[in-house]
Each structure stands twice: as structure tokens, then as C-alpha cells.
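Commentary on secondary and tertiary structure
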Amino acid sequence: MNSPAPHKFAADVDHWSDIPGWFQWREGQEDAAATFPEGSTFVEVGCYLGRSLCSLAEVVRDSGRDFTVIGIDTCRGSGAEGQSNTDAHGAAVEYGGGTFAGLLHRNLIACGAADDVHLLVSTSPAAANLFADGSLTWVHLDARHDYDSVVADIDAWAPKVAPGGWLSGDDYDSLWWPGVVAAVGDRLPDAHGWLTAQWRWCKPS
Ligand SMILES: C[S@@+](CC[C@H](N)C(=O)[O-])C[C@H]1O[C@@H](n2cnc3c(N)ncnc32)[C@H](O)[C@@H]1O
């Protein structure tokens with residue numbers, strides 16, 4: 001008898017591009033690694049299985065420059081959200097008995113990034129409290145996408161970004177994610193669209 005097909009999210013991984021996820025804006029990561037000085041700290045909030053995080057680790061490694069990379073996720077998924085009320089992470093959460101932390105860490109190891117990336121299993125605002133104001137060079141937000149969550153994320157992380165640094169985020173799309181666009185517009189009127197469907201706020205120096 002054939003063994004059952006493996007879940008797509010649990011399939012073997014050799015490279016970030018094998019990891020399920022939505023990330024496709026690598027030029028933004030390359031821009032950050034080229035723009036900021038060595039010693040800078042980059043934070044990604046909302047990692048899922050590590051597609052964007054493992055890409056960032058590879059970009060940093062390829063740059064030959066020294067940056068600190070931190071990934072933050074509850075590892076419990078975002079729940080149902082969006083126009084179609086889809087729980088995109090639920091199956092991976094269930095597969096891990098209530099957490100996909102094991103798969104995320106496994107993928108970091110498989111991509112050779114486990115020694116270069118610090119993983120923090122935490123809610124976004126609680127994690128922000130661990131950092132001093134002005135201590136982070138770039139924070140990228142890709143956690144839950146409803147208005148209140150994005151407002152909470154922006155309010156928690158904007159003070160942590162250093163003058164001249166970036167606060168950015170994913171799914172800046174008024175059709176699919178109106179809460180993201182509204183929250184960014186209300187909290188960071190100087191932010192603008194960036195890359196394909198991202199937004200970015202450059203903190204004044
Ligand atoms: C859209 S996915 C991230 C995708 C990932 N950046 C990629 O491109 O591969 C959103 C992630 O945010 C996480 N998340 C949702 N709410 C969160 C919160 N309050 N704090 C931390 N992580 C959260 C979910 O567990 C999920 O893994």
C-alpha cells in the first residue's frame with residue numbers, strides 16, 4: 001500500500017524557495033542589506049514556515065556583511081482572515097499539535113540559516129517590548145492583517161526603529177487587505193507603497 005502523500009507544508013526543504021509562503025519581494029531585502037551599515041539589526045514579524053526569513057538570511061550571507069536577523073512569530077497562525085476568511089496556517093498548526101515552531105526551525109536548519117537567525121516565539125507587541133527604542137534598523141511586519149492588529153503592530157514597533165531606519169509591511173492591497181492600507185494610512189501618513197504589494201515608512205533622521 002502506498003504511504004499517504006505528505007502535507008505540502010511538511011515536504012523536505014533545501015532552499016528558501018522550497019518553503020510554502022507568499023514572499024516574492026526579495027529585492028527589498030537586498031536593498032536593506034546594501035543600504036544599512038554592518039551591525040544593523042533586521043526584524044521580521046510574522047515568519048510562518050520561514051520562506052521570507054530564510055531568504056533574508058541568504059541575502060545577508062551573500063552580502064558578506066554582518067547583520068543581526070531576528071524572526072518573531074507566535075507559531076500558532078493568524079486564524080481565519082481576509083476577504084475569503086481563510087485560515088492559511090491552520091493545517092500546519094494542527095500538524096504540529098498546536099504549533100508550527102518545529103517546522104519553522106527545521107526549515108531554518110535545512111537552509112543553513114539556524115546559526116544566523118534568532119527565532120523568538122512570541123506575540124508581536126510583547127516581543128517589541130524586549131527591544132530598546134531606536135535600536136532596530138529595519139522591522140518588517142507580516143503578521144495578522146486586520147486593522148486593529150496592524151495598528152497594534154505599528155504602534156509597538158515604530159518607536160523601536162532607529163532614525164533613518166525602515167518600518168515596512170506586507171499585503172498593502174486595498175482590495176484584498178483593506179485593514180492594512182487603512183491602518184498604515186492612519187498611523188503612518190508618510191508611508192508609501194513599496195515594491196509589489198508592500199508599504200514602507202522611512203523614519204526621519
Ligand atoms: C502571512 S504569515 C507570514 C508569512 C511569511 N512572512 C512569508 O512570507 O513566508 C503571518 C504569520 O504571522 C503570525 N502571526 C499572526 N499574528 C501574530 C502576532 N500577533 N504576533 C506574532 N506573529 C503573529 C502567524 O502565526 C503567521 O505565521
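Reading the values: rules and limits
Residues numbered from 1 in each chain as written. Predicted model: local features only at pLDDT ≥ 70, side-chain atom pairs only at ≥ 80, totals over all residues. Heavy atoms only, no water. 1 Å grid on protein atoms, 1.4 Å probe; cavity = no way out; pocket = protein on both sides within 12 Å on 5 of 7 lines; lining within 4 Å. Points joined across faces, edges and corners; volume = space filled by probe spheres on them. Nonpolar A, V, L, I, M, F, W, Y, C, P; charged D, E, K, R; others polar. Helix = DSSP H or I, 4+ residues; strand = E, 2+ residues; numbered from the N terminus. Buried < 20%, exposed > 50% of the residue type's maximum accessible area, 1.4 Å probe, protein only. Axes fitted to C-alpha atoms, helices over the stretch in contact; angles between N-to-C directions. Parallel < 35°, antiparallel > 145°, perpendicular 65-115°, else oblique. Left-handed = near helix turned anticlockwise from the far one by under 90°. Contact = heavy atoms within 4.5 Å. Polar contact = N/O pair within 3.5 Å; in protein donor to acceptor, adjacent residues only side chain to side chain. Phe/Tyr/Trp six-rings, centres within 6.5 Å; stacked < 30°, edge-to-face > 60°. Lys NZ or Arg CZ within 6 Å of the ring centre and 35° of its normal.

As named in an unreviewed UniProt entry, the protein is Methyltransferase, taken from Mycolicibacterium arabiense.

**Thoughts on empty space enclosed by the protein**
The tally for this structure, following the rule as stated, stands at two cavities of 30 Å³ or more. Considered as a void within the structure, the largest cavity measures approximately 70 Å³ in volume. Around the largest cavity sit Leu141, Asp142, Ala143, Arg144, His145, Val150, Asp153, Gly169, Asp170, Val180 and Trp199, which together line it. Its residues assigned to classes, the lining of the largest cavity comprises five nonpolar, two polar and four charged. Size it by volume and the second largest cavity reaches roughly 30 Å³. Every residue along the wall of the second largest cavity is listed here: Trp25, Gln29, Val43, Glu44, Leu56, Trp138 and His140. Where the lining of the second largest cavity is concerned, the elements lending two or more residues are strand 1 (41–45) and strand 4 (136–141). Of the residues in the lining of the second largest cavity, the class split is four nonpolar, two polar and one charged.

**Observations concerning unusual backbone geometry**
Although it is not a glycine, Cys75 adopts a positive phi angle of roughly 60 degrees. Examined against the element boundaries, Cys75 turns out to sit in the loop between strand 2 (68–73) and helix 3 (90–95). Residue classification places Cys75 among the buried residues on the basis of a relative accessible area of 1%. Non-glycine residue Leu195 carries a positive phi angle of around 60 degrees. Relative to the elements of secondary structure, Leu195 occurs in the loop between strand 6 (192–194) and strand 7 (198–202).

**Let's talk about the packing of helix 6 (residues 147–157) against helix 7 (residues 178–187)**
Look at helix 6 against helix 7: their axes get within 8 Å of each other, and the N-to-C directions meet at 40 degrees. In terms of their interaxial angle, helix 6 and helix 7 are classed as oblique. Read as a crossing pair, helix 6 and helix 7 show a hand that is right-handed. Residues Tyr147, Val150, Val151, Ile154 and Asp155 of helix 6 pack against Gly179, Val180, Ala182, Ala183, Val184, Asp186 and Arg187 of helix 7. Residue composition of the contact of helix 6 with helix 7, grouped by class: eight nonpolar, one polar and three charged.

**Some details on the environment of His145**
Tracing the backbone through its elements, the reader meets His145 in the loop between strand 4 and helix 6. Those residues in contact with His145 that lie beyond four places of it in its chain are Glu81, Val150, Asp171, Trp177, Gly179 and Val180. Separated by 2.6 Å, the side chains of His145 and Asp171 make a polar contact.

**Considering the layout of surface pockets**
One number sums up the size of the largest pocket: a volume of about 840 Å³. Along its surface, the largest pocket is lined by 44 residues, and Ser78, His89, Asp142, Ala143 and His145 are the ones closest to its centre. Of all the secondary-structure elements, those providing two or more residues to the lining of the largest pocket are strand 1, helix 2 (51–63), strand 2, helix 5 (124–128) and helix 6. A per-element tally of the lining of the largest pocket places helix 6 first, with three residues. Looking at the lining of the largest pocket residue by residue, the classes come out as 17 nonpolar, 18 polar and nine charged.

**Examining the packing of helix 1 (residues 26–35) against helix 2**
For the pair helix 1 and helix 2, interaxial distance at closest approach is 9 Å and the crossing angle is 40 degrees. Our classification of the angle between helix 1 and helix 2 gives oblique. The two elements helix 1 and helix 2 cross, and the hand of that crossing is right-handed. Between helix 1, through Arg26, Gln29, Glu30 and Ala33, and helix 2, the contact on the second element is made entirely by Ser52, Ser55, Leu56, Glu58, Val59, Asp62 and Ser63. Split by residue class, the contact of helix 1 with helix 2 holds three nonpolar, four polar and four charged.

**Quick notes on the packing of aromatic side chains**
Counting across every chain of the model gives 15 aromatic pairs. With centroids separated by 5.1 Å and ring planes inclined at 75 degrees, the aromatic side chains of Phe23 and Trp25 adopt a geometry described as edge-to-face. By relative accessible area, which is 5% here, Phe23 ends up buried. The structure contains a cluster of three or more aromatic residues connected by ring pairs, namely Trp16, Phe23, Trp25, Phe36, Phe42, Phe67, Trp138, Trp166 and Trp194. It is Arg200 that lies over the ring of Trp166; its NZ or CZ is 4.4 Å from the centre.

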